[in-house]
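Per-entry structural report
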Amino acid sequence: MARKSDEIRIRGLRVFAHHGVFEEETRLGQMFVVNATLYTSTRQGGLADCLEDTISYADVCVFLTEYLQRNTWKLLEAAVEHSCRALLLRFPLIHEVELELEKPSAPIPLPFDSVSVCVRRGWHRAFVALGSNMGDKQGYLDGAVDALRADECVRVKRVSSYRVTAPYGGVEQDDFLNAAMEIETLYDPEELLDALHAIEQAARRERLIHWGPRTLDLDVLFYDDLVQDDPTLILPHPDLHNRDFVLGPMAELAPNFVHPVLHKTMKQLLNELPK
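Heads up: these notes are all about the structure in this document. (Residues numbered from 1 in each chain as written. Predicted model: local features only at pLDDT ≥ 70, side-chain atom pairs only at ≥ 80, totals over all residues. Heavy atoms only, no water.)

Quick look at the environment of Ala195 now. Take Ala195: it is sitting in helix 6 (residues 189–202). Relative accessible area serves as the criterion here: at 13%, Ala195 is assigned to the buried category. Separated by 135 residues in sequence, Ala195 and Val60 place their C-alpha atoms 29 Å apart. Beyond its immediate chain neighbours, meaning those up to four positions away, Ala195 contacts Asp151 and Tyr187. (Helix = DSSP H or I, 4+ residues; strand = E, 2+ residues; numbered from the N terminus. Buried < 20%, exposed > 50% of the residue type's maximum accessible area, 1.4 Å probe, protein only. Contact = heavy atoms within 4.5 Å.)

Here it is in structure tokens:
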């Protein structure tokens, strides 16, 4: 997904909170310093000169202060990770955030100015394929869409029409009902795959025969423009350019989306398939 290039910057926000590995840190508390860069589009607010069309940095400061004071973590890494997610969920106009949490009074027996953890997190665009050829096929697909809509770390943007397709892979079985969806997610690719597997398991998916019948099949097709060759997840999906039941829904949702390896649009790939 294209990044929103405008920035709202918050520097030196001081928050007294209770984070740390040692008992006296969580009991007595200490001062922390927050630095944040909010990636968004300020154009609409700038043209209209209207606070409702942009992000209130005052509200962000209050939210971060209250959130860091209301919760306690041992590690700065945990405090930053959870704060980023809470911020992105609370303020929908923030597409991405870079958050740094400084600990000037960290228990280090050496001269130092400060220690900090800084991370960058945001919403990612992904496409997911859906398929079923057992039982209530439409019910399984509808259930998967509803499960993702109920996940706070996922925004379901669009779902393609459902289409009946012949089975793929040479195993004799019933026809499939297939679709695709476009989502935005806070999950990284492996976390998204885990979430999809959990939905499959809830639908009593059994992996008995490769390319065999299944109640529900959910695959990550694309994740931004990421290209990775990992044992658990290959991106883009390695065989999608040969599958009309994937390219059809993808061409419906995003005909001009370009495959980051093949450098062709979904519409082009679909048109190149043997009829």
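Next comes the rest of the description.
At a closest axis distance of 11 Å, the pairing of helix 3 (residues 57–70) and helix 4 (residues 76–90) adopts a crossing angle of 135°. Overall, the two elements helix 3 and helix 4 adopt an arrangement that is oblique. As helix 3 packs across helix 4, the resulting crossing turns out to be right-handed. Together, Val60, Phe63, Leu64, Tyr67 and Leu68 of helix 3 and Ala79, His82, Ser83, Ala86, Leu87 and Arg90 of helix 4 make up the contact between the two elements. Classifying every residue of the contact of helix 3 with helix 4 gives eight nonpolar, two polar and one charged. (Axes fitted to C-alpha atoms, helices over the stretch in contact; angles between N-to-C directions. Parallel < 35°, antiparallel > 145°, perpendicular 65-115°, else oblique. Left-handed = near helix turned anticlockwise from the far one by under 90°. Nonpolar A, V, L, I, M, F, W, Y, C, P; charged D, E, K, R; others polar.)

Attention now moves to a nonpolar patch on the surface. Judged by side-chain polarity, Val21, Phe22 and Leu75 come together as a nonpolar surface patch covering roughly 290 Å² of accessible area. In this fold, Phe22 is placed in the loop between strand 1 (6–17) and helix 1 (23–28). (Patch = residues over 30% accessible without salt bridge, like charges linked within 9 Å, V, L, I, M, F, W, Y side chains within 5 Å. Areas by Shrake-Rupley, 256 points an atom, 1.4 Å probe, with all protein chains shown as cover. Salt bridge = Lys/Arg side-chain N within 4 Å of Asp/Glu carboxyl O.)

This paragraph deals with the sheet that holds strand 3 (residues 96–103). Strand order in the open sheet made by the four strands is 1-2-3-4, with antiparallel pairing throughout. Here the strands that pair on one side only, and so sit at the sheet edges, are strand 1 and strand 4 (115–122). Each strand axis lies, on average, 15° off the axis of its neighbour in the sheet, ignoring direction. Bridging between strand 2 (residues 30–40) and strand 3 involves seven bridges; their strand directions are antiparallel. Pairing of Val33 across the sheet is with Glu102, part of strand 3. Against the sheet, helix 3 contacts strand 1, strand 2 and strand 3, and its axis sits at roughly 35° relative to strand 1. (Pairing = 2+ DSSP bridges.)

All right, on to the pattern of salt bridges then. Applying the stated criterion across every chain, the model contains 12 salt bridges. Note that Glu252 is salt-bridged to Arg163, the shortest N-O span being 2.6 Å. Taken together, the positions of Glu252 in helix 7 (residues 244–253) and Arg163 in strand 7 (residues 163–165) put the pair 89 residues apart, joining distant regions of the chain. For Glu252, a relative accessible area of 38% puts it in the partly exposed group. Since its relative accessible area comes to 24%, Arg163 is described here as partly exposed. Among the charged side chains, a network of salt bridges with common partners joins Arg125, Arg158 and Glu182.

So, about helix 4. Taking 1.5 Å per residue as the helical rise, helix 4 with its 15 residues ought to reach 21 Å, and the 21 Å between its terminal C-alpha atoms agrees with that figure. Turning to helix 4, its buried residues are Leu76, Ala79, Val80, Ser83, Cys84, Ala86, Leu87 and Leu88. Check the buried side of helix 4 and you find it contacts strand 2, helix 3, strand 3, strand 4 and strand 6 (154–159). (Expected span 1.5 Å × (residues − 1).)

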